[in-house]
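Read off the chains here:
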Amino acid sequence: MTDLIAPRHARPRRRREIAVVLAAGMVILFILVAIFAERLAPYGFATIDLRARNTSPLFFGGSFRHILGTDELGRDILSRLMISVRVSLVVSVLACLIAATIGVTLGLAAAFLRGWVDSLIRVAIDFHASVPFLIFALAILAFFGNNIVLFVVLLGTYGWERYARLVRALALIEYEKGYVLALRRLGAGEMAIAVKHVLPNVAAIIIVNMTIALPELILLESGLSFLGVGIQPPLASLGNMVGLGRDYIVTSWWIATIPGIAIFILTLSISTIGDWLRDVTDPSLK
Amino acid sequence: MTRTVLTAVARLVITVLLAVTFVFVILRVSGDPARALLPVDAPEDQIAAVRAEWGLDKPLPEQYVTYVMKLASGDFGLSLNDRQPALRVVVEKIPSTLLLMGTGLVIAFTVGSALGLLAASYRGRAPDRLIMSLAIFVHSIPSFLFGILLILLFAVALRLLPSGGGPSLLHLLMPAAVIGLSQAGVVARFVRSSTLEVLAQPYITVASLKPLPRWYFIRAHVLPGSALPLLTLFGFSLGGIIAGAAIVESVFAWPGVGRFLVFSVARRDVAVVQTIVVLVATMMAFANLATDLLYAIFDPRLRTS
Amino acid sequence: MALLSIRDLDVRYPAAGRLVPAVRGVNLSLCEREILGIVGESGSGKTVSCLSLMGLLGPRAEASGTVHFDGRDIDVADVVHDRRQGLLPLAMIFQDATGGLNPIRTVGSQIAEIFVHRDGASQKAALDKAVELLESVGIREPRERASSYPHQMSGGMNQRVMIAMALAASPRVLIADEPTTALDVTVQAQICKLLRLLVEREGLSIIFVSHDLDLVTSFCDRVAVMYRGEVVECETSEEIRRAPKHPYTAALFAAIPGHRPPFSQLEEIPQNLDVSPAIPAAQIDLPKVDMTPRLPSEPVERPAMIEVSDVAYHFAKRRWLSRSTHVTKAVDGISFSVPAGTTFGIIGESGCGKSTLASLLIGDRAPQSGSISVGGHSMAELLANGRRAYANRVQMVAQDHYGSMDRRQTVGPQIEEACHIHFPNRPIARRREDALRMLKAVGLDETHYAKLPHQLSGGQRQRVAIARALIVEPDILICDEPTSALDVSIQAQVLNLLLKLQRELELTILLISHDIRVVAHMSHAIGVMRAGVMVEQGPAQEVLTNPRHAYSRSLFAAAPTSRRVENPMSLPGTEPLLKDAVP
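Residues numbered from 1 in each chain as written. Chains lettered and ligands numbered in written order. Predicted model: local features only at pLDDT ≥ 70, side-chain atom pairs only at ≥ 80, totals over all residues. Heavy atoms only, no water.

(A) Focus on the interface of chain B and chain A. Contacts between the two partners involve 47 residues from chain B and, on the opposite side, 46 residues from chain A. If you look at where chain B meets chain A, you find one salt bridge. Only α1 (2-29), α6 (126-140), α7 (143-157), α8 (169-199), α9 (202-208), α11 (230-252), α12 (257-267) and α13 (270-298) of chain B provide two or more residues apiece to the side of chain B that touches chain A. Sort the elements by how many residues they give to the side of chain B that touches chain A and α1 of chain B lands first, with nine residues. Tallied by class, residues from the side of chain B that touches chain A come to 34 nonpolar, eight polar and five charged. (Contact = heavy atoms within 4.5 Å. Salt bridge = Lys/Arg side-chain N within 4 Å of Asp/Glu carboxyl O. Helix = DSSP H or I, 4+ residues; strand = E, 2+ residues; numbered from the N terminus. Nonpolar A, V, L, I, M, F, W, Y, C, P; charged D, E, K, R; others polar.)

And the structure:
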């Protein structure tokens, strides 16, 4: 009743909706490319054509033979890009799912079991947040060496603490809410409350958080691959394409720049959707 | 107050100890630590010597104690690089990294807070939308791509700045800009939302009814409330800046700890890597300690309750 | 001659693509040294009217009308968006006093800054003036208090600070928007007394906004009644009490417990859900109030349904690195018993332990000593195998009607879930039937079955909560402030429903409330709680008319009632309570 500041509703945000639709279209395009990479790619991603080395992209002096040009070994950039999108997307999505599973399980366990389990999980969360993940990842890779399974699992530990913290906090808030109290007072079992009421109430936030974490994972994967400690050649990923092309930046700028821009468009699109999702599901904005 | 300080210090000690334990565990799990700490072609007697020195022939708890004691005394093992003590090699490179991070941090917080405040005061209107779009933009651009584009523009096309190397002020410009601007987006979003949150507080309405000059009202009532949460962000973005430094230093060949870390990981120079991990964790822990203490100083609700 | 008058005030907010009126054609006037009360239910436009005077309507509002102040005419449209208009010497205080003070600044500095920046006073002189002001609003040890932070003070003290801060701007009119709603009745009486004192001493005029008709008609000189954005009646307090002219005012009086004999039907103001806000109040046909009292149900000798003997619960808080333990005796040796089919009312102010007592009675926590028995079985025995056996006998309706439901689920299935817990063998179709029957019993129907909680009104949600509790077929229903979050007219519906259900189902009710009128209307016996102890209990009539304990007397005296306080200055002051003097 004593609303000091009258609620200010955002004006119809047409422009933003257009941006979200565009972003969704982009993400779908990337997914389709990832699925049908072999069929869409004009050349094999590792096919070397030494006669066509360092061809410029179309409109920059190149031809339709290699629309996005070729690299220093004459490999078609477009074909490599398509395979890279698949590798990067699969790695990041898998990692994202692993992180969400770990985080949600631990967060719920902490909120549900309380006591020493809660303390332990909180210490782990605190610790994980206290070492920047990239440093943590580099350390693990230094000690264990590199292989793709380890790499995916390692990325899967990125951001688990955010899910755990969020789910724990939200679940604790849910547990404090009147309806949980009411259900207990009705004699409902704890398991039923957790599964039928608390989890569905925090589910939306988990999904939002995943769309926010996914672009960060793509950046992380490409960052590590760029540094040469992630996805290793001959396998291609967006990051290692940039990393390998970096040496030719002065003479053949497109080798590094094109996959870099692909990463940018992909992350920007997912971020735009995640941002929008966060705003629509945020109860404080309703 | 003493309680706050003690809690904060306890948190610091626990975090550092956890980092050490973490390194100890992965060192043990990943194989023979003695071999890991030495070059691949090290002779057997040297391996045996290291094993004895680090107490690796003893039971695990004893190994752990020896390990912690050695680290505490500053012995992190020898770097593969010229067989120098790892700690010394790393410490040598700290000043240039701190210079880069510090400049980046300053850029991130000044640019970020200014844009965040601007966005908040134009909430929902064009400047707000522009700034928030920019924030997502810089958040989505990979820092290595950002760096490469800057090099293409300023070093290759315009020939204004050196493409890499250093450390010098001229060399510092581009990497610091990349680090700072990538974080500025996060800061801007944060400042915007904390400012809007403060502006929605009833005490702001009450204060706005008092006969106070505009500048004083903002300085005394709006800014303190919206700046306080920045302390939390400080610890958080320090992590982002440290991580960013590893990539950015590599792109610009900046002779700092980050580039050295990447280099050492590729060579599997375990002694150097463990040094850096422990140092980074210590640094982060100190940042968190500072945050806790500053909160206690600036927020009376924590100071007197 | 009026000091301030508002002419033809209209305020509209855009909603769903059109402008919806919040206030329509409001005319009000305020004389010098007068307290004008504005009373109405939520959404009646009483707050909006005041905010428009202060330029606080927010950027989206559209307003028109004129304000005439001390010989000047001001167009409302000019000042409506500009909170720093500085045209009128007005000041305003709000319901949430603690939230209205900057949490990271001392209260003294928040008053002193006005003198520094308006008068150019030195910091020291400004602080001295602030201390003086704090003293004048009745804050003890004002110099020490001036260097306290808002979180270190009670709500009542913060409201005093807010008043001091408002006075620092030397206003001629003070607008008080529900200034006492968040406070205990004894503190409310003190604040009212202070406001009256300011009128006498400083020559201030006050606009006092409240939802409580009893409070404004006993405290204010004149009262304006607002309904659906319009002032339906503006008269002296005596006149309004004696003979309300508008049917809405009459209905509002008849909805308040205390104006009717205990246990009688309260007036239910129809919600006119089909009436759009665009239709003026005069055209809404309110039923004439039926003043014939219904007979109270006679309590007869019955066996005790619930027996509480010497129950205690203490909170021990040990601070880290500190040897001393701080013990709060939330419930400290309470005994009572409630005969089957009757209502036991528990009254107390905030912090008296009534919520803790409720949590003990419902079984959220076990008493540390003493015993509770329900229908002859001890609580420990009933709780031995999970909560179901106990829940089957004792159910609860809480204050927070929205929070008490899963907001993602429609309400029908939530009622069925309660049924399923206790009668797992009932087939699904039967459960649904039961839920619908229960919805009907609480005055809802099958159209509400598939509604989400937020699609229902507050009163409807509270009915659903009652249905969900009663489908379990309990013997005892604990109602913890069941109507405190509801408007008076909705409160009347819920109280009527509880009375009806009690008659039909022979329910034993434990009613916990801070509102003496509600407790007096509903209870056969009453207990008064303070600081974890039940200072007094007995048959309702006896406790209410002849309280033995000094605290009960001061509590009842401070509460707004249907009685007119002849001399407002003698409002039963109850000198500052302990909690108001120590942080």
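(B) Local environment of the sheet that holds strand β17 (residues 476-480) of chain C. Residues and elements named next belong to chain C. Strands sit in the order β16-β17-β18-β13-β19-β20 across an open sheet of six strands; the sheet is mixed. Each edge of the sheet is formed by a strand with only one pairing partner; in this case those strands are β16 (394-397) and β20 (533-539). Sheet twist, expressed as the average angle between the axes of neighbouring strands with direction ignored, equals 15 degrees. Two strands pair when backbone bridges link them, and β17 and strand β18 (residues 508-513) are joined in this way by five bridges, in the parallel orientation. (Pairing = 2+ DSSP bridges. Axes fitted to C-alpha atoms, helices over the stretch in contact; angles between N-to-C directions.)

(C) Geometry of the packing of aromatic side chains. In this structure the tally under the stated criterion is 14 aromatic pairs over all chains. Ring geometry for F136 of chain A and F22 of chain B: centres 5.2 Å apart, planes at 25 degrees, overall stacked. Of this pair, F136 of chain A sits in helix α5 (residues 133-144) while F22 of chain B sits in helix α1, each in a different chain. In this structure F136 of chain A comes out as buried when scored by relative accessible area, which is 12%. On the basis of relative accessibility, which here comes to 16%, the residue F22 of chain B falls in the buried class. Considering the side-chain rings of Y227 of chain C and Y248 of chain C, the 4.0 Å spacing of their centres and the 20 degrees angle between planes classify their relative orientation as stacked. Placement of the pair is Y227 of chain C in strand β9 (residues 222-227) and Y248 of chain C in helix α10 (residues 247-255), with a sequence separation of 21 residues. A residue is classified by how much of its surface remains accessible, and Y227 of chain C, at 7% relative accessible area, is buried. In this structure Y248 of chain C comes out as buried when scored by relative accessible area, which is 0%. (Phe/Tyr/Trp six-rings, centres within 6.5 Å; stacked < 30°, edge-to-face > 60°. Buried < 20%, exposed > 50% of the residue type's maximum accessible area, 1.4 Å probe, protein only.)

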